[in-house]
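Analysis of the macromolecular model
Single-letter residue listing:
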Amino acid sequence: MTPATLERIRRFLREHDPPAPCLVVDTGAVAARVRQFGREFPRSRLCYAVKANPEPAVLRAVLAAGGGFDVASPAEIDACLAAGAEPAALSYGNTIKKATDIAFAHARGVRDFTTDSEGDLAALAEHAPGASVSVRILVDGPASATPFGQKFGCEPDRAAELLVAAVRLGLDPAGVAFHVGSQQPDPQAWETGVAAAAKIFAECAAAGVQLRRLNLGGGFGVTYREAVPPLESYARTIRAAVRAHFPREPEVLLEPGRAVVAEAGLIRTEVVLVSTRFGRRWVYLDVGRYNGLAETENEAIPYRLDPPDRYGPRGPVVIAGPTCDGDDVVYQRTPYELPLSLRAGDRLDILDAGAYTASYSSVAFNGIPPLPTYCLEGDTTTHDI
Ligand SMILES: *Cc1c(COP(=O)(O)O)cnc(C)c1O
């Protein structure tokens, strides 16, 4: 996060001292990221992946900065419409949907869908007649911190078949989509997808079907403890790949989630207990795997931790959450060091935690409520404390 965002959030915490744990999001930082994507990818359209953080104030900030939305369910559609989005600004990116979800989306005016199977394509033809469809292909992105495996995307050599079938079913074949895996530190990962998409455009053209849209998905990385390239580097590499593989520039769609909102947020936690067990110092926080830190599963995301009130020498720690679940250990292999003076009752901040935290929080595991979010909009807060 920028020093200005950190200072704004810290000032809010000083002035209001809300109970821990909580997530605080600076929506100005969200809007700034959306505008930065616009500068780095001129002529592209951005659809923010709502699942990263669906707070109404975050959605309003995306919209005000000119963004649209990648939605995955009826509730996400209604959240975006309630925030003021036009249905045309929504793209239904989830390839796994019930017929009733498709009908719901269509009734609300959503006309852009992503698909990756014959079954879903047939359901779209029936419940969203005439809609635009992009076919998601499976692209390997081995460097991703949280890869999708083989859950989504058809084999690239089957995509043209689906797009041609879409025409027969009365749908509008828009183009090709792919996602290189979230927190993808390697901009080159997009190259494979862009090349495969260009081949599918050519195959479709040979069959008399003109495609127009290239959906580059999300996956843009965020610097947690380990540095990832800046957005400029992603943009330079990806735009060069599009120029190299496409004879005519396609409509480009981007679906970032993490990169839009992660650096806008900070989780304020409280230390519940510090205890030495089997020679290791364990720090138990009031936030863990089930109320905000879901992405520490397998220690995939190494957040930066900052104790705002403690200085002095540091030593190694294991970090764990507050619940009675053996999996609620946040970091035991990733080396972390915290001040030796850290005590129960101290505050500890988790930086760059605006994405995939509150939205993953369970409703009441062990009686612990979901992580509350305070959004800073201009000079006001959108939740009472
Ligand atoms: C989750 C998701 C995204 C966002 O991915 P990030 O890694 O957060 O940028 C984009 N598109 C689709 C289809 C997704 O499921």
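Here the structure is a predicted model, which means the values were calculated and not measured. (Residues numbered from 1 in each chain as written. Predicted model: local features only at pLDDT ≥ 70, side-chain atom pairs only at ≥ 80, totals over all residues. Heavy atoms only, no water.)

**Thoughts on the sheet that holds strand β4 (residues 90-92)**
Strands pair in a sheet through their backbones, by hydrogen bonds, and they do so in one of two ways: parallel or antiparallel. Spelled out, the test is: In short, DSSP must find at least two bridges between two strands for them to pair. Per the convention used, a helix needs a DSSP run of H or I reaching at least four residues, while a strand needs a run of E reaching at least two, with both numbered from the N terminus. Working convention: axes come from line fits to C-alpha atoms, limited for helices to the stretch in contact. Angles between N-to-C directions cover 0 to 180 degrees. Note on contacts: a residue pair is in contact if any heavy atoms of the two residues lie within 4.5 Å.
In spatial order, the strands read β2-β3-β4-β5-β6-β7-β8-β9; together these 8 strands close into a barrel with parallel pairing. Sheet twist, expressed as the mean angle between neighbouring strand axes with direction ignored, is 30 degrees. Relative to β4, strand β3 (residues 68-71) runs parallel, the two being bridged by 3 bridges. Pairing of Phe 69 across the sheet is with Leu 90, part of β4. Against the sheet, helix α3 (residues 56-64) makes contact with β2 (45-49) and β3, and its axis sits at roughly 130 degrees relative to β3, the strand it touches most. The strands touched by helix α8 (residues 189-206) within the sheet are β7 (172-177) and β8 (213-215), with β7 carrying the most contacts at an inclination of about 155 degrees.

**Overview of α8**
Counted only if it meets this: Helices are assigned an expected span. That span is 1.5 Å times one less than the residue count.
Between its terminal C-alpha atoms α8 stretches 27 Å, which fits the 26 Å expected from 18 residues at 1.5 Å a residue. In this fold, the buried residues of α8 make contact with α7 (156-168), β7, β8 and α9 (231-245).

**What about the packing of aromatic side chains?**
Basically, it comes down to this: Only Phe, Tyr and Trp rings are paired, with Trp represented by its six-membered ring, and only when their centres lie within 6.5 Å; those with planes under 30 degrees apart are stacked, over 60 edge-to-face, the remainder tilted. Under the scheme applied here, a residue whose accessible area is under 20% of the maximum for its type counts as buried, over 50% as exposed, and between as partly exposed, the area being computed with a 1.4 Å probe on protein chains only. A ring is considered to have a charge above it if a Lys NZ or an Arg CZ atom is located within 6 Å of its centre and within 35 degrees of its normal.
Considering all chains together, one arrives at 15 aromatic pairs under this definition. Between Tyr 92 and Phe 113, the ring centres sit 5.7 Å apart and the planes meet at 20 degrees, which makes this aromatic pair stacked. Pair noted here: Tyr 92 is in strand β4 and Phe 113 is in strand β5 (residues 112-115), with a separation of 21 residues, a long-range link. Each member of the pair, Tyr 92 as well as Phe 113, carries the same accessibility label: buried. With a centroid separation of 6.1 Å and an interplanar angle of 40 degrees, the aromatic rings of Tyr 356 and Tyr 360 are classed as tilted. Using a relative accessible area of 7% as the deciding quantity, one classes Tyr 356 as buried. Judged by its relative accessible area of 46%, Tyr 360 falls in the partly exposed class. Members of the aromatic cluster, connected to one another through ring pairs, are Phe 37, Phe 41, Trp 190, Phe 220 and Tyr 234. Across the ring face of Phe 148, the terminal group of Arg 136 is positioned such that the distance to the ring centre comes to 5.0 Å.

**Side note on the site of the ligand**
So the rule is basically this: Nearness of a residue to a molecule or strand requires only that one of the residue's heavy atoms be within 4 Å of it. By the criterion applied in these results, polar contacts are pairs of N or O atoms within 3.5 Å in which, for protein atoms, one can donate a hydrogen and the other can accept it, and in which residues neighboring in sequence qualify only through two side-chain atoms. Grid points spaced at 1 Å over the protein atoms alone were grouped into cavities, where a 1.4 Å probe fits but cannot get out, and pockets, open sets with protein on both sides within 12 Å along at least five of seven lines, with lining residues defined by an atom within 4 Å of a point. By definition, a pocket or cavity contains a molecule when more than half of the molecule's atoms lie within 2 Å of the pocket's grid points. In this classification, Asp, Glu, Lys and Arg are treated as charged, Ala, Val, Leu, Ile, Met, Phe, Trp, Tyr, Cys and Pro as nonpolar, and every other residue, Gly included, as polar.
Taken together, the neighbourhood of the ligand is formed by 14 residues, with Lys 51, Ser 182, Glu 255, Arg 258 and Tyr 356 sitting nearest. Ser 182 has a polar side-chain atom sitting 2.4 Å from an oxygen atom of the ligand. Assessed atom by atom at 2 Å from the grid points, the ligand resides in the largest pocket. A class-by-class count of the residues in the shell around the ligand yields 3 nonpolar, 6 polar and 5 charged.

**A short note on the domain arrangement of the protein chain**
Our working rule: Domains are outlined according to an automatic or database domain assignment. Accessible surface is computed with a 1.4 Å probe, and the buried area is the amount of it that two parts give up when combined, taken over both parts together.
Assigned domains of the protein chain: these are domain 1 (28-261) and domain 2 (263-381). The straight-line distance from the C-alpha centre of domain 1 to that of domain 2 is 32 Å. Listed by partner, the interface residues are 24 residues for domain 1 and 21 residues for domain 2. Roughly 1900 Å² is buried in total at the junction of domain 1 and domain 2, and carbon and sulfur atoms are behind 55% of that figure.

**Some points on the side chain of Thr 373**
Looking at where Thr 373 falls in the secondary structure, it is placed in strand β16 (residues 373-377). Excluding residues within four positions of it along the chain, Thr 373 makes contact with Leu 23, Val 25, Glu 55, Ala 358 and His 383.

**Thoughts on the layout of surface pockets**
In plain terms, the rule: Grid points are joined across faces, edges and corners, and a volume is the space filled by probe spheres set on the points.
Here the largest pocket defines a volume of roughly 440 Å³. Listing elements by their share of the lining of the largest pocket, those giving two or more residues are β3 and α10 (258-261).

**Looking at the pairing of strand β6 (residues 132-136)**
What counts here: Looking down the strands as they point away from you, a crossover is right-handed if its path from the first strand over the helix to the second goes clockwise.
Burial within β6 is extensive, with 5 of its 5 residues counted as buried. Residue alternation in β6 divides its side chains into two sets, Ser 132, Ser 134 and Arg 136 and Val 133 and Val 135, and both sets are buried. For the crossover from β5 across helix α6 (residues 118-127) to β6, the handedness is right-handed. The sheet contact formed by β6 and β7 spans 5 bridges and is parallel. Across the sheet, residue Val 135 finds its bridge partner in β7, namely Val 176. On the question of chirality, the crossover connecting β6 to the parallel β7 by way of α7 is right-handed.

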